[in-house]
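# Report on the structure
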Amino acid sequence: MANPVPGTLRHALTNWRVLAGGVLLLLLAIAAIFASALAPYDPLDQDLAAQLAAPDWHFGADAHALGTDSLGRDVLSRLIYGSRVALTVAFVAGFLTAIAGTAMGLAAGFFGGWLDAVISRAVDIWSSFPPVLLSIILVALLGTGLWSVVAAIVLIDWTRFCRVVRAETLKQRRLDYVDAAVVAGLRPLAILWREIVPNVLPLALVLLTLEMGLAVVIEAILSFVGLSISSDAPSWGGMIAEGREVVHQAPWVLIGAMLVLLATVLGFNVLGDGLKQELDPVLR
Amino acid sequence: MSEAALTIKNLSAGIARGPMLLHGVSLSVAAGEVHGLVGMSGAGKSMVGRCVLGILPAKVAITGGSIRFAGQELVGMAERQRRRIGAGMALIPQDPLSALNPSRRIVSQMTDVMRLRLGISPTEAAARALALLHEVHIRDPQSVLRRYPHELSGGMRQRVLIATAFACEPKLIVADEPTTALDVTVQKQILRLIRDLQRSHGTALLFVTHDLGVVAKICNSVTVLNAGRIVEQAPVAEIFGQPRHPYTRALFAATPRYDQPGGAVG
């Protein structure tokens, strides 16, 4: 095999986990991007004549494939538009968390000394707070809204990356090729960038996929308690909160939102597991 | 004897607030000479090499003595200045498995040093890497350059590392048990290769090993270390002819002899 990197990618596509997670998330991304074309109704349109209508599958102008909620809004359309919020949070919060946590982990693991002591103690103290409680407090302080949710996720979850990346960096730093680079007279930052970052990256990538799934859950939790975007705008967590109140008359509101949430998080986790399997032999 | 490439005087090193690891080690390696550093595990032989190269473990520090290399004192030298010594020294490591970065191609790992130290362009550096791989007798060097370390055998990797060590024409190479991780047939080839290159390039070599058989094949002079102290220091013929110190004799007795049936081990 002359060129193993495309080889690794090609091989990854034969892994059912990577494939299943990837397809699931691809569908979700399509739903989010083409929401206005795919959704049969405006997600904010209230039809007070059709409150809590049951799902019905006849094809007509007034059909609600997944039923309506207590204000007569179409559940399917709200689920489709809700994926925009979920995926925005997943990607933006996921990447920002990954960048912040990885940078801190690299700095702590590579430079050691007082910097490591400060960062590691911060991680210890940080992760002793219950994350959901901390996120609620943070959003309450920052004010509600999508970007506060993103900020809260980054502020809470950077420790997950920091810990793992720091440990891997410590391990890498002791290997002979780092010594060889020191002997050759490479600057510390060049050593960090060329010798250590490439070996930490696959790990960070796997963590990132898992983190995206987590971000979706945290956003749903914050929507559920009404701390995310306004309750009018469609979000899965908000739909779960509304659906809970009418669960005896109209369980479809709750069930629909829970299933898409489940599928999304499952998609991210399965993809993460698959990537871990595929990237491990490279790490070793 | 010609002028020394490396002179170590009274070198002491120890763990911070802990035990001493080296007690007043002195040795010198003449230009173009191979100096063996032998002793059992934990004798401090690798530590001497690491002091010279400036890659001591985090808690270990040099506590006294002097290391002179190319007319400069290395003990107490600032890190920034130290980095400039880079081209003058190189390391052939013990374990070829962990000495190459698994996620980078051979060519980029080999050319890093050349581009930094010789200031040549990537293409020139790649051409030089190719020539070096020829010199260490790697078949199909063009394709090896494009490979990742896990695609090469242990012997091949060690050849790549040897080629890299000679890349910038260093005055001194520290070889830290370069054959220990290889199997016996490959060991012989690698030893011959190191010896040949060392001769043709006229490099001084500090050869750290526990294997007296290897010392006999490759070294001009030997320092025997035990528990961080020098027990004997002599030209190789002398030490093999009549080892003076009981520890040296014990080391000889511990070397398996394959030419005598029932030759004792230990």
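Each chain carries its own residue numbering, running from 1 in the written order of its sequence. Chains and ligands are labelled sequentially in the order written, the chains with letters from A and the ligands with numbers from 1. For a predicted model such as this one, the threshold for reporting local features is a pLDDT of at least 70, and the threshold for listing and counting side-chain atom pairs is 80 or more; totals across whole chains, interfaces and linings nevertheless cover every residue.

The subject of this paragraph is the overall build of chain A. Numbering of helices and strands runs from the N terminus; a helix is a DSSP stretch of H or I covering at least four residues, while a strand is a stretch of E covering at least two. If you tally the helices and strands in chain A, you get 11 helices and 0 strands. Taken from the N to the C terminus, the helices and strands of chain A come in the order α-α-α-α-α-α-α-α-α-α-α. Oriented by its inertia axes, the alpha-carbon framework of chain A measures out at about 80 × 50 × 25 Å. Scored against the burial criterion, the 284 residues of chain A give a buried share of 45%. In this scheme every C-beta is placed from the backbone, and a residue whose C-beta has 20 or more other C-beta atoms within 10 Å is buried, one with 12 or fewer is exposed, and one in between is partly exposed.

This part is about the overall build of chain B. When helices and strands are tallied, chain B shows 10 helices and 10 strands. What the globule rule says is 2.2 Å times the number of residues to the power 0.38, and the radius of gyration is computed from C-alpha atoms. The C-alpha atoms of chain B give a radius of gyration of 19 Å, which matches the 18 Å a tight globule of 266 residues would have. In terms of overall dimensions, chain B has C-alpha extents of about 55 × 50 × 35 Å along its principal axes. A buried classification covers 42% of the 266 residues belonging to chain B. Once C-beta atoms are placed from the backbone, any two residues with those atoms within 7 Å are in contact. Counting contacts in chain B only where the partners sit at least 6 residues apart, residues at least 24 apart contribute 66% of the total.

Looking now at the confidence of the model for chain B. All names here are of chain B. Residues of chain B with pLDDT of at least 70 account for 95%, and the chain-wide mean is 88. A score between 0 and 100, pLDDT records how confident the predictor is in each residue. Of all helices and strands in chain B, the one with the weakest mean pLDDT is helix α10 (residues 246-253) (84), whereas strand β8 (residues 204-209) scores best (94). Of the two predicted TM-score estimates for the complex, the pTM is 0.82 and the ipTM is 0.84.

A word on the sheet that holds strand β5 (residues 72-73) of chain B. All names here are of chain B. Here, strands pair whenever DSSP counts at least two bridges between them. With antiparallel pairing, the 4 strands of this open sheet are ordered in space as β2-β1-β4-β5. This sheet does not close on itself; its edge strands, each paired only once, are β2 (20-30) and β5. Of the strand pairs in this sheet, strand β4 (residues 60-69) and β5 are connected by 2 bridges, and their pairing is antiparallel. Within the sheet, the bridge partner assigned to R68 lies in β5 and is E73. Helix-sheet contacts for helix α1 (residues 45-53) involve β1 (4-15), β2 and β4, and the interaxial angle to β1 is about 110°. Inter-axis angles, ranging from 0 to 180 degrees, are taken between N-to-C directions of lines fitted to C-alpha atoms, where helices are fitted over the stretch in contact.

Residue and element names in this part refer to chain A. Helix α7 (residues 146-173) packs onto helix α6 (residues 131-142) with a crossing angle of 135° between their chain directions and a minimal axis gap of 9 Å. Our classification of the angle between α6 and α7 gives oblique. By crossing handedness, the relation of α6 to α7 is classed as right-handed. Contact residues: P131, L134, S135, L138, V139 and L142 in α6; S148, V149, A151, A152, L155 and I156 in α7. For this classification, under 35 degrees means roughly parallel, over 145 means roughly antiparallel, 65 to 115 means roughly perpendicular, and everything else is oblique. Note: crossing handedness is left-handed where the near helix turns anticlockwise from the far helix by less than a right angle, and right-handed where it turns clockwise.

Residue and element names in this part refer to chain B. Positive phi outside glycine occurs at E169, with the angle close to 50°. The backbone of E177 shows a phi angle near 45°, a positive value even though the residue is not glycine. For E177, the position within the fold is in the loop between β7 (172-176) and α7 (184-201). For E177, a count of 19 C-beta atoms within 10 Å translates into the label partly exposed.

Residue and element names in this part refer to chain B. Expected span of a helix, by definition, is 1.5 Å for each gap between consecutive residues, and there is one gap fewer than residues. Spanning 14 residues, helix α4 (residues 122-135) covers 20 Å between terminal C-alpha atoms, matching the ideal 20 Å at 1.5 Å per step. Of all the residues in α4, the buried ones are A125, A129, L132 and L133. Along the long axis of α4, the arc covered by the buried residues comes to 100°, so they all point the same way. For α4, the exposed residues lying more than 90 degrees away from the buried face are T123 and A131. On its buried side, α4 packs onto α3 (106-118), α5 (141-146) and α6 (154-165). One or two residues past the end of α4 sits H137, with phi positive at roughly 60°. The arc in question is the one traced by the directions running from the helix axis out to the C-beta atoms.

A separate point is the sheet that holds strand β6 (residues 89-92) of chain B. Residues and elements named next belong to chain B. Strand order in the open sheet formed by 6 strands is β6-β7-β8-β3-β9-β10, and the pairing between neighbours is mixed. The open sheet is flanked by β6 and β10 (229-235), the only strands paired with a single partner. Averaged over all pairs of adjacent strands, the angle between their axes in this sheet comes to 15°, without regard to strand direction. Sheet topology note: the β7/β8 ladder contains 5 bridges and is parallel. By the bridge assignment, L172 is partnered in β8 with A204. Its contacts with the sheet place α10 against β3 (34-38), β9 (221-226) and β10, and it is angled at close to 100° to β9.

Glancing now at the pairing of β9 of chain B. Residue and element names in this part refer to chain B. Counting buried residues in β9 gives 6 out of 6 residues, a clear majority hidden from the surface. Sheet analysis places β3 next to β9, joined by 4 bridges and oriented parallel. The residue of β9 that forms the bridge with G36 is V222. In this sheet, β10 lies alongside β9 in antiparallel orientation, the contact comprising 6 bridges. Counterpart to S221 in the pairing with β10 is P235. Taken together, β9 and the strand that follows it, β10, pair antiparallel across an intervening segment of 2 residues, in which A227 is found at a positive phi of about 50°.

Residues and elements named next belong to chain B. Among the 5 residues in β7, 5 count as buried, and that is most of the element. Side chains L172, V174 and D176 of β7 all project onto a buried face; the interleaved residues I173 and A175 project onto the opposite face, where all are buried too. The pairing of β6 with β7 spans 4 bridges and is classified as parallel. In the strand pairing of β7, M89 is matched with L172. Handedness of the β7-α7-β8 crossover: right-handed. Look down the strands so they point away from you; if the path from the first strand over the helix to the second goes clockwise, the crossover is right-handed.

Take the nonpolar core next. Judged by nonpolar contacts, the single largest core of 150 residues is most densely connected at V216 of chain A together with L172 and L206 of chain B. Sorting elements by how many residues they give to this core places helix α9 (residues 188-224) of chain A first, with 17 residues. When residues no more than four places from it in sequence are discounted, the contact partners of V216 of chain A are A86, V89, A90, L261, T264 and V265 of chain A. Only buried Ala, Val, Leu, Ile, Met, Phe, Trp, Tyr and Cys residues enter a nonpolar core, and they are joined through C-beta atoms within 7 Å.

We now examine the interface of chain A and chain B. If you look at the interface, chain A gives 19 residues, while chain B gives 27 residues. Secondary-structure elements contributing two or more residues to the side of chain A that touches chain B are α8 (176-184) and α9 of chain A. A per-element tally of the side of chain A that touches chain B places α8 of chain A first, with 7 residues. Residue classes follow a fixed rule: Ala, Val, Leu, Ile, Met, Phe, Trp, Tyr, Cys and Pro count as nonpolar, while Asp, Glu, Lys and Arg count as charged, and any other residue, Gly among them, counts as polar. Considered class by class, the residues forming the side of chain A that touches chain B number 11 nonpolar, 3 polar and 5 charged.

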